[in-house]
Amino acid sequence: MTEQAATDGLARQLIAARRWAGITQEQLAGLSTVSVRAIRDLEQGRVRHPRRETLRLLADAMRLGDVRRAALELAVEGAPADSVMRDAFGAELAPPPEPLRRMVGRSEELRALTRLLATEHERLLTVVGIAGVGKTRLAQEAALLMHTRDRMPVLWVDMRTAVTAPASGTVRSPRAALAGWARSLAVGGPGLDELASVIGDRAALMVLDGHDAVPRLAPQLLELLHGCERLKVLITAREPHRTPGNRLLPLAPLPLPAPEPSADAASPLPGQSLTAGEPAVELMLSYVGHMRPDLLPTDSVVRTVARVCHALDAVPRAMESAASWLLLHSLEELLRIARTRPLDLVDDATLSDMNEEGLGALLAAAVGRLDDTQATLLGDLGALADGWTAEQASAVLAVPAATVAREVHALMLRGLVRRLPATGEGASRFGVLNLVRGLAADRAEAAARQSAALVH
């Protein structure tokens, strides 16, 4: 690209940005402290080497988003913004984040998710489940498989990360700009036409990780799917998005360890591991081993770890946080607390330093968002022994069977109720998560007080 072509490209980008902002040259001068003459010279292509600080002031004054700001910065560098953005979204340059740990116990869920992503007709999918269950890790593994196996570019967007302007004198990378652009579009912001032009007709995957802010997806996201016919969007969320065409994939906690054998049952064969086929126990043992290398995986330790997994519902984040408390408690003390006060273990001490919302607060928020009918039913179900069927719950609680079925279904989508392992060919059996029993009881009591106050 010649120097004059780069200058002309900057002029076009600046004019387009100012028109997008809906302001005149005089208004831009007043907002940016850059003179009208300097702005006019830039827009007429008279400035060969503009100062980066000048472009930053103009971008700030026009409140440009990531992509428009990046286009200006790339124009200063003499790079054609359109081609740079498209190159940044190529398969070689757009992988998902590299996993830091291997995934444990999600092979069936991964197979189901990647099978759907590989089909032609499923293009909008949401992995939904309770906080800490492993939605991000599953999406990461699926995106990595699609990227490596199918050479599919992946635009990974962390919806919990705020968009920040680049520091003065730095150029935001095109990939970072694209992620900021997609984040804005996902919540109803601008950028539909530009993002569609970058993705075009190529097969691509966009992952919106932690898209929990809105109950219904933005129309702009659906328009992007209509415009880019080979784009697929994968979302992770704590609650389902009520959007037509959105395929929901509920993610339950890891399978609970098998019940302990009775005293007269046969002992394991020599060399047979008690953790065989038990991903929750395997994962918890890895956490225990990191925190307490002195705790060898003897039969006694493994049995106690399995009981802790049961008490914590085999929720990976809860188990990891609980293991961190082994610095203070013995394994037996950890089990006692997990059975009586499980929420005391689900947040480790580092959260206050990281300014991160803890699992306990996220679980309380999930229960708090229930309506009074769901909250009352969840509290009543939590008082039942695990293993109830919908018909049994209906009879014991004197609630119509259709109401129980509908609300239990909704509670399962939110991850507050789980299906228990089948014991035969009878009806499905369920249980309320131990982690939310106390929260559910408190919420149901509050709903009852509120209802009584309205009556009086």
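The shown structure was predicted, so the numbers you read here are calculated from the model rather than taken from an experiment.

## Remarks on the side chain of R123
Counting through the fold element by element, R123 comes out in the loop between helix 7 (107–118) and strand 1 (124–128). Buried R123, no salt bridge; nearest opposite-charge side chain is E229, N-O distance 7.0 Å. Reaching out from R123, the side chain makes a polar contact with the backbone oxygen of E229 at a distance of 3.4 Å.

## Observations concerning helix 19 (residues 390–397)
The periodicity of an α-helix, 3.6 residues per turn, causes residues three or four positions apart to be oriented the same way. Within the span of helix 19, buried status applies to A390, A393 and S394. The buried residues of helix 19 occupy one face: seen down the axis, they fall within an arc of 100°. Exposed side chains of helix 19 directed beyond 90 degrees from the buried face belong to E391, A395 and V396. Its buried side turned inward, helix 19 meets helix 18 (372–382), helix 20 (401–413) and strand 7 (430–432).

## Concerning the pairing of strand 3 (residues 204–209)
Of all the six residues making up strand 3, six are buried; the element is thus mostly covered by neighbouring parts of the structure. Neither face of strand 3 is open: one carries A204, M206 and L208, the other L205, V207 and D209, and all of them are buried. Where strand 2 (residues 154–158) meets strand 3, five bridges bridge the pair, whose relative direction is parallel. Counterpart to W156 in the pairing with strand 3 is V207.

## Let's talk about the packing of helix 10 (residues 192–199) against helix 11 (residues 219–227)
Viewed as axis vectors pointing N to C, helix 10 and helix 11 meet at an angle of 30°, and their least axial separation amounts to 10 Å. Here helix 11 runs roughly parallel to helix 10, going by the angle between their axes. Regarding helix 10 and helix 11, the two cross each other, and that crossing is right-handed. In this structure, helix 10 contributes L192, L195, A196 and I199 to the contact, and helix 11 contributes Q220, E223 and L224.

## Concerning the sheet that holds strand 2
Judged by pairing direction, the sheet is parallel, and its five strands sit side by side in the order 2-3-4-1-5 without closing on themselves. Unpaired on one side and paired on the other, strand 2 and strand 5 (247–250) mark the two borders of the sheet. The sheet shows a mean angle of 15° between the axes of neighbouring strands, direction not considered. The strands touched by helix 8 (residues 135–150) within the sheet are strand 1, strand 2, strand 3 and strand 4 (231–237), with strand 2 carrying the most contacts at an inclination of about 165°. Strands strand 1, strand 3 and strand 4 of the sheet are contacted by helix 11, whose axis makes an angle of about 150° with strand 4.

## Concerning the pattern of salt bridges
Scanning all chains against the criterion turns up 21 salt bridges. For R137, the salt bridge goes to E141, with nearest N and O atoms at 2.7 Å. Here R137 and its partner E141 are both found in helix 8, four residues apart, which amounts to about one turn of the helix. Its relative accessible area of 18% is what places R137 among the buried residues. Given the relative accessible area of 21%, E141 is considered partly exposed.

## Points about the packing of helix 2 (residues 25–32) against helix 4 (residues 52–61)
Interhelical geometry of helix 2 versus helix 4 gives an angle of 105° and a closest axis separation of 9 Å. Taken together, helix 2 and helix 4 sit at an angle that is classed as roughly perpendicular. Contacts between helix 2 and helix 4 pair L28, L31 and S32 from the former with L57, L58 and A61 from the latter. Class assignment for the residues of the contact of helix 2 with helix 4 results in five nonpolar, one polar and no charged.

## Remarks on the environment of G45
With respect to the helices, strands and loops of the structure, G45 is situated in the loop between helix 3 (36–43) and helix 4. Placed 33 residues apart in sequence, G45 and R12 show a C-alpha to C-alpha distance of 8.7 Å.

## Looking at unusual backbone geometry
For D313, which is not glycine, the phi torsion reads 60° and is therefore positive. Looking at where D313 falls in the secondary structure, it is placed in the loop between helix 13 (299–311) and helix 14 (316–324). One non-glycine residue, A398, adopts positive backbone phi at about 55°. Mapped onto the elements of the fold, A398 is located in the loop between helix 19 and helix 20.

## What about the side chain of K135?
Position of K135 among the secondary structure elements: in helix 8. One buried charged side chain, K135, makes no salt bridge at all; its nearest oppositely charged neighbour is D212, positioned 6.4 Å away. From its side chain, K135 meets the backbone oxygen of I130 in a polar contact 3.1 Å long. For K135, the residues in contact, after removing those within four places along its chain, are V127, V128, G129, I130, T236, A237, R238 and L251.

The rules behind these values
- Residues numbered from 1 in each chain as written.
- Predicted model: local features only at pLDDT ≥ 70, side-chain atom pairs only at ≥ 80, totals over all residues.
- Heavy atoms only, no water.
- Helix = DSSP H or I, 4+ residues; strand = E, 2+ residues; numbered from the N terminus.
- Buried < 20%, exposed > 50% of the residue type's maximum accessible area, 1.4 Å probe, protein only.
- Lys, Arg positive; Asp, Glu negative; His and termini not counted.
- Salt bridge = Lys/Arg side-chain N within 4 Å of Asp/Glu carboxyl O.
- Polar contact = N/O pair within 3.5 Å; in protein donor to acceptor, adjacent residues only side chain to side chain.
- Arc of directions from axis to C-beta.
- Contact = heavy atoms within 4.5 Å.
- Pairing = 2+ DSSP bridges.
- Axes fitted to C-alpha atoms, helices over the stretch in contact; angles between N-to-C directions.
- Parallel < 35°, antiparallel > 145°, perpendicular 65-115°, else oblique.
- Left-handed = near helix turned anticlockwise from the far one by under 90°.
- Nonpolar A, V, L, I, M, F, W, Y, C, P; charged D, E, K, R; others polar.

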